[in-house]
Amino acid sequence: MKTDCDTMQKEIGRLLVNEIKEGKAYSLKIPENKDDLEVIVVKYLGNVRAWINSCPHDGRPLCRDPDYVWDTSGKFLECMNHQALFDPKTGMCTDGPCTGDSLFRIDVSHEGREIILRI
Ligand code: FES
């Protein structure tokens, strides 16, 4: 069932479900945005989540290559600038200069074989 909020959101991208692998991250450009923002899409513990690739510490991208956004344990997303660690389930910074702040979440929904990203 769609709500008014759902209908107000704008679709910004689609990915095929079977292309998103556990423990991997992917980036997508957000169309028509003057700030050239990207979305980081991750699959962690079976769930797909997406975040704006912008660190709440000072707005710089967390990563330039999504292959390097995971920390060495594979349990946190790590900002390349000052090594803030983010919980991939919540987007919350758990360690670093922005502890307690969160990444900006992108709405993720499943439709058939596709993941739809909306903002
Ligand atoms: S810009 Fe991400 S931790 Fe400083």
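Note that this is a predicted model, so its numbers are computed, not measured. (Residues numbered from 1 in each chain as written. Predicted model: local features only at pLDDT ≥ 70, side-chain atom pairs only at ≥ 80, totals over all residues.)

Student: How would you summarise the sheet that holds strand β7 (residues 93–95) if you had to cite specific residues and measurements?
Tutor: Strand order in the open sheet formed by three strands is β5-β6-β7, with antiparallel pairing between adjacent strands. Here the strands that pair on one side only, and so sit at the sheet edges, are β5 (77–78) and β7. Inspection of the sheet shows strand β6 (residues 85–86) paired to β7 by two bridges, in the antiparallel sense. Bridged to Leu 85 within β7 is Asp 95. (Pairing = 2+ DSSP bridges. Helix = DSSP H or I, 4+ residues; strand = E, 2+ residues; numbered from the N terminus.)

Student: Explain the sheet that holds strand β4 (residues 47–52) to me, and be specific about the residues and the numbers.
Tutor: Here we have six strands laid out as an open sheet, ordered β1-β9-β8-β4-β3-β2, and antiparallel in their pairing. Two strands close off the open sheet at either side, each with one partner strand: β1 (11–16) and β2 (25–29). Geometrically, the sheet is characterised by an average inter-axis angle of 25 degrees between neighbouring strands, direction not taken into account. Relative to strand β3 (residues 38–44), β2 is paired through five bridges, and the arrangement is antiparallel. (Axes fitted to C-alpha atoms, helices over the stretch in contact; angles between N-to-C directions.)

Student: Tell me about the pairing of strand β8 (residues 105–111), and please be specific about residues and values.
Tutor: Summarising the sheet, β4 and β8 pair through two bridges and their orientation is antiparallel. Across the sheet, residue Trp 51 finds its bridge partner in β8, namely Arg 105. Relative to strand β9 (residues 114–118), β8 runs antiparallel, the two sharing five bridges. Bridge assignment links Ser 109 to a residue of β9, and that residue is Ile 116.

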